[in-house]
Structures are given as C-alpha cells and as structure tokens.
Amino acid sequence: MGKRGGRPGGRFHGQKRKFPGSSKSTEFSENSTENHQREMINVQEVDVGITEYAGSAEGFTGVIKCKYSDFQVNEIDQDGNVVKLTDTSLPKCLNIIPDAQESGQEESPLAQETVEALEKLLSAEDPKEVHEIDVTEMSKEMRTRIHSGIRELFDKAIISNTIAREDRKFIKCFRANKAKPEKERTRWLWPHQYIHFVLHKTNLDTMRAASFLAQNLGVKVSCLTYAGTKDKRALTSQMFCIKRREPQKILEAARRTQNVMVGNFSSRPEVLKLGHLRGNRFRIVLREITATEDNIRESLESFRERGFINYYGLQRFGNSAIVPTYLIGKALLKGNWREACELILKPRPGDLPPMQRIRECWWETRDAQKALDLNTGHIKCIEIDLLRGLAQQGPNNFVGALEQVPRNTRLLYIHSYQSLIWNKIASRRFKLGLQPLAGDLVFREDGAVKLSESLDEDLEASEEKNEEQEEGQEVEEEVQESKFKSMVRSLTEEEAKSSSWSIFDVVLPLPGHDITYPDNECGAWYQELLASDDLSSEKLKQKNKTYSLGGTYRKFMAKPEKLTWSLAKYNTTNDLLLPSDVDELRGKKIPEYPDGDKTALLLDFCLPSSTYATMALREVLKSDTSTAAQIKLNPKEDFSAPSEPEAVKKTKI
C-alpha cells in the first residue's frame, strides 16, 4: 500500500515566489525589465486533496520544467497516431482527382466538367438557370457524396436536389437566392470543407494560441477547433481544424503569431472536436537527479505496474492560494454572484503592478469605470471583462457583469470545484485499498463511448448557443435530463472479488444533480463534502444552465503506456537534452555531454486523455510538484520566467 502523504504535500505551504518586476513603472510592457520583487502564495497539493501515493517505492528528487524543451507533449489522435510537426510546406490543391489520389485523400465525387458547369451556373445572367447531373445508374451513397461534394466546393451558393423524371434520376443544381456575386466569391478548391493542421507552440496555452491565431486570421476564435488543451510551459504539438480557410492564409497568420508554427495540412470531411483524441505522448526531462540507478528503476517499475491516482493537477485550481478558482466556482454554484465577482477582483500577492493597481482601485472605491481608466496598457484579461460588465450593467448587477466573462472561463470555475471534490473523494477511496469493492462504479459495456459522445454533443450545443448569443438571438433553454446515469453500474460482491475487474476499471463521479453515485460508503462522502459547503446534488441544478452541473465520471486510477527511460549527463540548465519537433524538422542534432557533472532522467510515456502528467511525475518522485516545491529544490531558477538560452519572443496581449 502507498504511503499516505509521503513527503508532506503541505511542506512548502506559504512558500513565496519571487518575480522580476518594477514598482515604478506606470505602463505595463511584457518586454520591459522590471526591478521590484513580486511575491505569490501558490496553491499547494494538500490544499486540493492531493495527499496519497499508489506505490511504496522511495522516490527521489528531480526538477521539472527547467526549460520549455524539458516538457514536450504530442497529441495521440483517435487512430493512435502521434501528432508531430514534420512538414511546414503548403500542400498542393487536392480537388483534381490525380492530385487527390497522390496525396492519399478521398477522391472527389465531382468530375472536372461538372465543376466547370457549376461555376458557369454561378456566373450565368439568368438566376433561374439550372444544371442537371444524370445519376440514374448511381447508388444512393454515391448521390449523397455528390451532394456533399457540391456543398464542400460551393458552400451555400448552389442548392442541389435529387429529382425523378420518367424512369431516370437527376441531381438538379441551381443558384441560391443569396449567392454572392462572382467578384466576391472565391472558389473552394479542396475536396472537403475542413482543413486540419498541426499546431506546435512554445510557452503558450492552447486557448491563447487559438485566440492569437484567430485574430491574425481575422476570424472568431470559435472558428478554430482542437481536440484538447495542452500545457503552457512546454513544447506541444496538437491538431487544429478550421472550416474553408486556405492553408496559405493559415500559414501566413501563424507566421505573424509568435511562439506558434503550423504545418501538416490536410483536407477532411469531418470537423475536429474536443475529445477527439486517444491521449498524449510525453517526453520529459527531470534535472538535478541524485538518486542511484537502482532507486530510479524501483520507482519507475512501480509506476509502470501500479500506476497512479488520477488526480486533477494543480493547474486546475489557479495560481493563487488566496483566491483558488474552486472558491469562485463554489460561489457561482451557490448563486452568490456578488461574492464571485469580489473573489475574481480581490487584490492578491503576485500581481503585476498595473493589475495590482486596478484591483486595489476597485476594491477600495467599487467604481468599475475608475478602475478601467487605469488600464492604460490595454491589458486583456478576465478581470477587465468583468469590470467592463460592471461599468455597463451597473455596480450591483453582478449577474449581468459576469455574462461579460467568456462562458468557457466561467465553466472552468465551477469545474474546479467539481475537481476539488473528486480529489478529496479519490484520496479517501484510496485508503480503502487498491482493489474493487462492492458498490464501486464501472462503465457499462459502451458507457465510456457514450460518455465521450455525450460530452461531444454538450460541447457542440454549447458552442451553437454561444454563437446565437453573440448574434443577439434569443435562445430557448431546453429541459433535458443527463444521459450519465445509464453509463455506469455498481459492482456486486461477487464481481468485486472476481478477477474480471481491476482497480483500473473503477470510476468516481464528479458531483452533479443527475449522476449515479457509488453504492457504498463512497457515495455518502459526496453528500458530506457538499453539505459542508451548504450544497447538495439537488442544489447543483440551477435555472441558469451555465452554472448547472449534471455530473460526469473519471477513472480512479491511471497507468502509463510505452514507458521508457534513460539517464543523461549535462553541465548547465541551458544544455538541451531533448529534440523538439522543430529541431527534428530542421535536422538539428542534440549534443551529448558525457563529462557533465549533473544527471538528468529522460522519460517517455503515453497517458490517456484528460490525465495530468504532473500527477504521474508526482507518483514517480514521491514529492510535491507545486511551483513552491520546485523553487525549494532549485532556488536559483526563476520558474515564473523563461530560462531558455535563446530569446523567446512574447506575444503582446
């Protein structure tokens, strides 16, 4: 059985981080050098229920993320392929059949003469002119492909219908009433509507990378989709998708987006959605290793066999221990709108000087416009959105002001509270042993698939609702019961004792108003924890659907796949030890330092989606992974700032 607490998770609680800064500066510039010291009190593992270790190996110390290149993440797509940036060139247009065949793309269903005829139809003087395609000998599947091909090439400019005349069938094509004039219309030359591409980023989170790229493309950020979010302080490669945008335009926009590279373009018939991935491959360097090889081997073999508790990592809970995100989420779930706004705007240690002045101004005066007037550096952030809402809606209209904060951000707050409850339950469940128990929940035969599909549908519906709200349309709320209850079932006493089920099959719910809870003492724990916050499963259902939690499920334990490791010597933090996708693309060789006086551990493993690599590393090291703990291990490093030898440009916000 694992050691409870191991090296105490709260060991560095209250540890202060130091940042370079300038208290004299009246303007915020991310490129300026500031001289004052900022202090931040970070969230610690023990604060959010992370207290247990699955294995009993001793563990060892190691420094995580000394460099961006020490933490590399590559998405694994639904087919099991590792996503890598290997080609930054522009692809050839794939509409012509020979080119499609050469590229491996699906052949276009439209003959070239048909495409030319439809183009003439769009420019014809008579708006009632039609073009017919004889499809008498074609199957229904082929006719459907032709309709799809017309939509993909001409979007909504041409309407097509299948008609029957005598004993023959035709696809009748005619110009839509709202078709753009020829001079405004650009022919779509690709065989499918959606352009998929690999996005490689450095020291940038996924949402911000998408926002910057969308801005340079001149589109809404909702036009860009991706399968999952990736770490900020890392080098990561993942799939992105956009509808009907030329690869050349995407490439040009990426060149204007700092810390981002794109490539590996393809044209596909389906959109990429959140959750459309199998997992992630991690390549990680742990520096300042002093343990023996036997110690390291014992810890890693335990990690491979026993796995780790699938905790939500610290990034789920924000940077500030003064105002962790779960406190804001709890206020939102209880309908305490004023409290939620006050928590978001509350002054806290560690803020940059401009943001500190803005917070303090509002906190002392409660004058949102006066605080906004201090934003001379044009900072864009959640706090500014909220202040703008208070200035527009009135100082006491907290519900209306919160609507100015992006919906996905508000969801992150309430999901943070869910994650806190999950972590605490997971730690308590661990103490009952690492074997299935009667009443534990497992997915039904197709439950995991249904869960993925249901989340997909919810996200899609949420996106459509957001678009309608942005366009000023009224959205009618639908009353719909969650599908989650039928996705799981409880293990019987006999099943729990059999060898048919393992601890890796057990799932724990995230609390909600329409979720199945374990049919054992774990189920009562949820109600106890919620009640301690004056909440209950029933109270998690609100009239305002944004703040209503149906619930979902998460695997209790996780296990790495394809785990390999090696040791490497080096001299300084600046020594590069892992090649990135870009390094390999450019043929850059990683030097070796056989006479180096320091040792690093190089790890390579894969994890399922929605699993935190930092929690996996915590199990290997048996130590706190928080920033404060890392500073304690390596106090000379500034973990708040880049430590790359090369200059990494920052994107202005």
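Participant: Tell me about the overall build of the protein chain, and name the residues and values.
Facilitator: Across its full length, the protein chain holds 19 helices and 20 strands. Burial status across the protein chain gives 50% buried among its 653 residues. Here the protein chain has roughly 31500 Å² of accessible surface; of this, 47% comes from carbon and sulfur atoms.

Participant: I'd like a rundown of the nonpolar core, residues and numbers included.
Facilitator: Membership of the largest hydrophobic core comes to 97 residues, with the highest contact counts inside it found for Phe71, Leu286, Leu387, Tyr553 and Phe556. With ten residues, the single largest contributor to this core is helix H13 (residues 407–430). Excluding its chain neighbours within four sequence positions, the residues that come into contact with Phe71 are Ile64, Lys65, Asp231, Arg233, Ala234, Leu235, Phe282, Arg283, Ile284, Ala613 and Leu617. Within the second largest apolar cluster, 24 residues are counted, among which are Leu213, Ala253, Ala254 and Val260.

Participant: Summarise helix H9 (residues 353–365); cite the residues concerned and give the values.
Facilitator: For H9, which comprises 13 residues, the first-to-last C-alpha distance of 18 Å matches the rise-based estimate of 18 Å (1.5 Å per residue) to within 8%. Here H9 has its buried residues at Pro353, Pro354, Met355, Ile358, Arg359, Cys361 and Trp362. Directly beyond the C-terminal end of H9, a positive phi value near 55 degrees is found at Arg366.

Participant: Which residues make up the pattern of salt bridges, and what values go with them?
Facilitator: Summed over the entire model, instances satisfying the criterion amount to 23 salt bridges. Through salt bridges with shared partners, one network takes in Asp351, Arg359 and Glu383.

Participant: Run through the sheet that holds strand E6 (residues 158–165), naming residues and quoting values.
Facilitator: Spatially, three strands are ordered E5-E7-E6 in an open sheet, and the strand pairing comes out antiparallel. Looking at the sheet topology across the chains shown, the edges are occupied by strand E5 (130–134) and E6. Recorded for the sheet is a direction-independent mean angle of 25 degrees between the axes of neighbouring strands. Relative to strand E7 (residues 168–175), E5 runs antiparallel, the two being bridged by five bridges. Counterpart to Val130 in the pairing with E7 is Phe174. Where helix H2 (residues 112–123) meets the sheet, its contacts fall on E5, E6 and E7, and the angle it forms with E7 comes to roughly 40 degrees. Across the face of the sheet, helix H3 (residues 140–154) comes into contact with E5, E6 and E7 while running at roughly 155 degrees to E6.

Participant: Go over the pairing of strand E16 (residues 506–510), please, and point to the residues and values.
Facilitator: Burial runs high along E16: five of the five residues are buried. Taken together, the two bridges between strand E14 (residues 441–443) and E16 define a ladder with antiparallel strand orientation. Each residue of the ladder has a partner; that of Val442, found in E16, is Val506. In this structure, E16 lies alongside strand E17 (residues 552–555), joined through four bridges in antiparallel fashion. Looking across to E17, one finds that Pro509 is bridged to Tyr553.

Participant: Tell me about the packing of aromatic side chains, and name the residues and values.
Facilitator: Two aromatic rings are characterised by how far apart their centres lie and by the angle between their planes. According to the stated counting rule, one finds 14 aromatic pairs in the structure shown. A ring pair is formed by Phe197 and Phe240, whose centres lie 5.9 Å apart and whose planes are at 35 degrees; its orientation type is tilted. Here Phe240 lies in strand E10 (residues 235–243) and Phe197 lies in strand E8 (residues 194–202), a separation of 43 residues in the sequence. Each member of the pair, Phe197 together with Phe240, is buried.

Participant: Let's hear about the packing of helix H7 (residues 325–333) against H13: which residues, and what values?
Facilitator: Between H7 and H13, the shortest axis-to-axis distance is 7 Å and the interhelical angle comes to 105 degrees. Looking at the two axes, H7 sits roughly perpendicular to H13. When H7 is examined against H13, the residues Thr325, Tyr326, Ile328, Gly329, Lys330, Leu332 and Leu333 are found in contact with a partner set consisting of Arg410, Tyr413, Ile414, Ser416, Tyr417 and Leu420. For the contact of H7 with H13, a count of residues per class yields eight nonpolar, three polar and two charged.

Rules behind the numbers
Residues numbered from 1 in each chain as written. Predicted model: local features only at pLDDT ≥ 70, side-chain atom pairs only at ≥ 80, totals over all residues. Heavy atoms only, no water. Helix = DSSP H or I, 4+ residues; strand = E, 2+ residues; numbered from the N terminus. Buried < 20%, exposed > 50% of the residue type's maximum accessible area, 1.4 Å probe, protein only. Areas by Shrake-Rupley, 256 points an atom, 1.4 Å probe, with all protein chains shown as cover. Core = buried A, V, L, I, M, F, W, Y, C linked by side-chain atoms within 4.5 Å. Contact = heavy atoms within 4.5 Å. Expected span 1.5 Å × (residues − 1). Salt bridge = Lys/Arg side-chain N within 4 Å of Asp/Glu carboxyl O. Pairing = 2+ DSSP bridges. Axes fitted to C-alpha atoms, helices over the stretch in contact; angles between N-to-C directions. Phe/Tyr/Trp six-rings, centres within 6.5 Å; stacked < 30°, edge-to-face > 60°. Parallel < 35°, antiparallel > 145°, perpendicular 65-115°, else oblique. Nonpolar A, V, L, I, M, F, W, Y, C, P; charged D, E, K, R; others polar.

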